[in-house]
Amino acid sequence: MSSTPPSPTASSRRRIPKVPFWAQILLGLVVGALLGWAAKSGDISWLSTTLGKIGDIFVQLLMLVIAPLVFFAILVSITNLRNVSNAARLATRTLMWFMITSLIAVVIGLGIGLLTDPGAGTGLTAADGAEPKKHGSWLDFLTGIIPTDVVTPFTQLKVLQIVFMAVVVGIAILKTGEKAKPVLALSHSVLELLQKALWWVIKLAPLGTLGLVGTAISTYGWNLLSKYATFTADIYVGCALVLFVVYPLLLAGVGKVNPLQFFRGAWPAIQLAFVSRSSVGTMPLTQKVTERLGVPKEYASFAVPFGSTTKMDGCASIYPAIAAIFVAQVFDVPLEVKDYILIAFVSVIGSAATAGLTGATVMLTLTLSTLGLPMAGVGLLLAIDPIVDMMRTATNVAGQSVVPILVASREGILDREAYATADGSRLDDEPRVEAAPQPVAA
């Protein structure tokens, strides 16, 4: 019995290979760099403006859903812990590994800064920088967690206050029990809607890459890097050491898994983080790749959202360590051993101050104020911030996926078959939120 052969058109469509997500972003990066260079060298103002608009629209779309996404993601993650056996132990070990990796990262940052003297010979002075409008202090950090009303944190994107409210509501839902089930069901539905909407934005990442990278190059060119060459190189080298040396060693030694397979599965999230400069904006994709790497959904839905707001090895460990040394050298302020210990302390304990948003200015001001260094030093680093922030955020997001894998592996709940077969290029399925997750056996 013969069958009708497929039409040439249908056969041709099937043979057309789909461009992997990572390749799309890489293409956007290359094209954006070329267009940015053309706009800068040819002084083409309309091209610079166009690239800027494309990048701004992409970032605005990301920021549009961040506030409600953080709230419902944290709320649902709190309630999901009831479905995980030994939830308290998992949460404790997650936070412990957050602190351990942050400490390793800050030590690397301090070591690189002391070896290279990033602020020496730059020719920069206090006149080149201005004191930032917003400072970070321990009092502000602690009091700023509690909101004065329920609207302002969402309109002004105060992520720490949003996290606080989400945690309170999540715990209240757990304590209320049956009567709170409709609220919990609604929260799951809203979170799924927000993730679907953000997933559409993530699909635009290659175009956003083109605009953001092109804008950075057309605005700053390569001349800016001359005075900040050592500092920029230090940040990239420090982040690269954590990303490609520390994390693989931990995955192999502690997690007993193949580090290369981690990058194969997690690379799309790392790429998007590099471009968007937002851990929170990357969170749905980070959670998706983490689940694909074998971490149970119930645990990943807790660890990744919390990591996206508190786990910042790039922004809160490497960067403030090197930046503090840079500022001290520019202003000729000697640092002692106790100062380096303070930097490590601030990095490990105060990392939540970065709150998963673009930039790490609050964390830097918190570090400088603790050390008594001039706040004008922050102004010196604002110009170079977009360039170094890309690598910082990529490191942040990688760590936000690594730690759940380590904990899941140590607890015996990691799906090693899923880890071994994870393929980060298959990103067609939108992330979903399970309404009724099943308990995970420890």
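Calculation rules
- Residues numbered from 1 in each chain as written.
- Predicted model: local features only at pLDDT ≥ 70, side-chain atom pairs only at ≥ 80, totals over all residues.
- Heavy atoms only, no water.
- UniProt positions renumbered as here; feature names shortened; annotations may be inferred.
- Helix = DSSP H or I, 4+ residues; strand = E, 2+ residues; numbered from the N terminus.
- Buried < 20%, exposed > 50% of the residue type's maximum accessible area, 1.4 Å probe, protein only.
- Core = buried A, V, L, I, M, F, W, Y, C linked by side-chain atoms within 4.5 Å.
- Disulfide = S-S within 2.5 Å.
- pLDDT = per-residue confidence, 0-100.
- Contact = heavy atoms within 4.5 Å.
- Axes fitted to C-alpha atoms, helices over the stretch in contact; angles between N-to-C directions.
- Parallel < 35°, antiparallel > 145°, perpendicular 65-115°, else oblique.
- Phe/Tyr/Trp six-rings, centres within 6.5 Å; stacked < 30°, edge-to-face > 60°.

Caption draft 1: Molecular detail of the UniProt feature "transmembrane region" (unreviewed entry) in the protein. As annotated in UniProt, the feature "transmembrane region" (unreviewed entry) corresponds to residues 21-39, 59-82, 94-115, 159-177, 198-223, 235-254, 340-357 and 363-384 in the numbering used here. Overall, residues 59-82 shows 92% helix and 0% strand. The separation of its end C-alpha atoms is 35 Å. Taken end to end, residues 94-115 comprises 100% helix and 0% strand; its first and last C-alpha atoms sit 32 Å apart.

Caption draft 2: How the structure looks around unusual backbone geometry. At D43, a position not held by glycine, the phi torsion is positive, near 50°. Within the fold, D43 resides in the loop between α2 (21-41) and α3 (45-80). We classify D43 as exposed; its relative accessible area is 66%. Phi at D117 takes a positive value of approximately 50°, unusual for a residue other than glycine. Summarising the element assignment, D117 is placed in the loop between α4 (87-116) and α5 (138-143). Taking relative accessible area as the criterion, D117 reaches 35% and is therefore assigned partly exposed.

Caption draft 3: Summary view of the nonpolar core. One finds F231, F262, Y299, L381 and I405 to be the most contacted residues of the largest nonpolar core, which totals 117 residues. Listed in part, the six residues of the second largest apolar core include M312, C315, A316 and L366.

Caption draft 4: View of the state of the cysteines. For the coordinates displayed, the defined rule picks out zero disulfides. Free of any disulfide, C239 has its nearest cysteine sulfur in C315, 8.0 Å distant. Since its relative accessible area comes to 2%, C315 is described here as buried.

Caption draft 5: Layout of the confidence of the model for the protein. Confidence in the prediction of the protein, expressed as mean pLDDT, is 81, and 82% of residues score 70 or more. Mean pLDDT values for the elements of the protein range from 53 in helix α1 (residues 8-15) up to 95 in helix α10 (residues 229-253). In this model residues 428-442 is a low-confidence stretch, pLDDT under 50, and it forms 43 contacts with partners more than four residues away in sequence or in other chains.

Caption draft 6: Focus on the packing of helix α14 (residues 314-330) against helix α18 (residues 385-411). Contact geometry of α14 with α18 gives a least axis separation of 9 Å together with a crossing angle of 130°. The orientation of α14 relative to α18 falls into the category oblique. Taking contact as the criterion, the partners of G314, C315 and Y319 in α14 are, on α18, D385, V388, D389, R392, T393, T395 and N396.

Caption draft 7: Up close: the environment of P118. When you line up the elements, P118 lands in the loop between α4 and α5. The class of P118 is buried, set by a relative accessible area of 2%. Separated by 109 residues in the primary sequence, P118 and K227 have C-alpha atoms spaced 9.7 Å apart.

Caption draft 8: Structural detail: the packing of aromatic side chains. Evaluated as defined, the whole model comprises 10 aromatic pairs. Aromatic pair F231 and F326: ring centres 5.1 Å apart, planes at 50°, arrangement tilted. Here the residue F231 occupies a position in helix α10, and F326 occupies one in helix α14, the gap between them amounting to 95 residues. F326 sits in the buried class, given a relative accessible area of 0%.

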